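Residue-level structural notes
If you want the building blocks of each chain, they are given just below.
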Amino acid sequence: MRLSILGPPGSGKSTQAEILSHVLGLRHIYMGELLRQEAERDSPISARICYYLSRGELVPEDVVLAVLERQIAEAGDNYILDGVPRTMAQMLGLEIILSERGESLDAVISLEIGTEEIIRRLLARGRPDDRPDLIARRVRIFHQETDPVIRLYDERGILIRIPADGPPESIADDILRHLRERLSSKAA
Ligand code: AMP
C-alpha cells in the first residue's frame, strides 16, 4: 500500500504515520526527519539543508526529490510518505518517480486542525524550529504551498480528510476505518 499523510506542523502527522506504519507494515518515510539527519552529516549539502531548516522554510525541491526517490526505491511497494509532497513541484516530481515504476498513490490522508491548537502543541513539543515566529512561518507556508496539493488530490478522489484534534488513538482508528472502506470499495 502506498500512502501519503499531509497536515500543518503540529497536526500529529508523524505520530499517525508511525502508528499506521506499525499496524499496516509500511515503511515510514519521514521527510522532515530524513532532512534533519542529512543536515547533521558532514556532506556537501548539509549546510544548505541546515539553512532552510533553521529558518522554518522548505528545503529546495531537488534535495527533497533526490531523498524521496532513493527512499521509494528502497521501500518497494509498502510505505507511508510523511510530509511529502508539500508543493505542486514535489507532487509532480513524485508522480514522475511513481509513473516510471508504473505506480500511483492509493490514498492521501489530510490531517485538519486549527492554528490555535497547532501553536499550543508545538510550544509544548519544543523542537529547535518550534519557536513562535518559525511556527507562524511554517503554518503560512503550509497553506500557501500545500493547500493546492491537497485540493488536487481531493479532485482526483484519493483524499481522506481527518479531523486531528482528538486523542491520537481515536484519530488512528478513524484513519484506518476510512482506509478500509476506501480500499475495499476500490477492490469491489
Ligand atoms: P516536519 O518534521 O514535517 O515538521 O518538517 C520540518 C522541516 O523539514 C520543515 O519546516 C521543512 O524545513 C523541512 N521539510 C520537511 N518536509 C519537507 C518537504 N517535503 N519539502 C521541503 N522541506 C521539507
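Up top you'll find the structure we're talking about.
Below is a short write-up of the structure. Here the structure is a predicted model, which means the values were calculated and not measured.

Side note on the overall build of the protein chain
Within the protein chain one finds eight helices and five strands. Counting helices and strands in the order they occur from the N terminus, the protein chain gives β-α-β-α-α-α-β-α-β-α-α-β-α. Over its C-alpha atoms the protein chain spans a radius of gyration of 16 Å, differing by no more than 12% from the 16 Å that the globule rule assigns to 188 residues. Excluding contacts between residues fewer than 6 apart, the proportion of contacts in the protein chain whose partners are at least 24 apart in sequence is 72%. Side chains of the protein chain carry 25 positive and 31 negative charges; the gap between the two charge centres is 2 Å.

Digging into the site of the ligand
In the neighbourhood of the ligand, 18 residues make up the surrounding shell, with Tyr30, Glu57, Gly83, Arg86 and Gln90 lying closest. The contact in question runs from an oxygen atom of the ligand to an N or O atom on the side chain of Arg127, over 3.1 Å. For the shell around the ligand, the leading source of residues is helix 2 (residues 31-40), giving four residues. Here the residues of the shell around the ligand are counted per class, giving eight nonpolar, three polar and seven charged.

Brief notes about the environment of Met91
Locating Met91 in the fold gives a position in helix 5 (residues 88-100). Between the C-alpha atoms of Met91 and Val149, which are 58 residues apart in sequence, the distance is 7.0 Å. Among residues more than four places away in sequence, those in contact with Met91 are Pro85, Val149, Leu152, Tyr153 and Arg156.

What to know about helix 4 (residues 61-75)
In a regular helix each residue adds 1.5 Å, so 15 residues correspond to 21 Å; helix 4 covers 21 Å between its end C-alpha atoms and thus fits that length. Those residues of helix 4 not exposed but buried are Val63, Val64, Leu65, Val67, Leu68, Gln71, Ile72 and Ala75. Against the buried residues of helix 4 lie strand 2 (27-30), helix 2, helix 3 (46-55), strand 3 (79-82) and helix 5. Immediately beyond the C-terminal end of helix 4, within one or two residues, lies Gly76, with a positive phi of roughly 75°.

As for the pattern of salt bridges
Applying the stated criterion across every chain yields a total of 20 salt bridges. Salt-bridge contacts for Arg55 lead to Glu57; the nearest nitrogen and oxygen are separated by 3.1 Å. A residue is classified by how much of its surface remains accessible, and Glu57, at 25% relative accessible area, is partly exposed. A salt bridge links Arg125 to Asp130; the shortest N-O distance between them is 2.8 Å. A relative accessible area of 42% means that Arg125 is categorised as partly exposed. Salt bridges sharing partners connect three or more residues here, namely Arg125, Arg127, Asp129, Asp130 and Arg138.

So, unusual backbone geometry
Omega for the peptide link from Val84 to Pro85 comes to 5°, which places this bond in the cis form. Of note, Pro85 is situated in the loop between strand 3 and helix 5.

Cut-off values and rules
Residues numbered from 1 in each chain as written. Predicted model: local features only at pLDDT ≥ 70, side-chain atom pairs only at ≥ 80, totals over all residues. Heavy atoms only, no water. Helix = DSSP H or I, 4+ residues; strand = E, 2+ residues; numbered from the N terminus. Rg over C-alpha atoms; globule rule 2.2 N^0.38 Å. Contact = heavy atoms within 4.5 Å. Lys, Arg positive; Asp, Glu negative; His and termini not counted. Charge placed at Lys NZ, Arg CZ, Asp CG, Glu CD. Near = heavy atom within 4 Å. Polar contact = N/O pair within 3.5 Å; in protein donor to acceptor, adjacent residues only side chain to side chain. Nonpolar A, V, L, I, M, F, W, Y, C, P; charged D, E, K, R; others polar. Expected span 1.5 Å × (residues − 1). Buried < 20%, exposed > 50% of the residue type's maximum accessible area, 1.4 Å probe, protein only. Salt bridge = Lys/Arg side-chain N within 4 Å of Asp/Glu carboxyl O.

That's the geometry; what it means functionally is another story.
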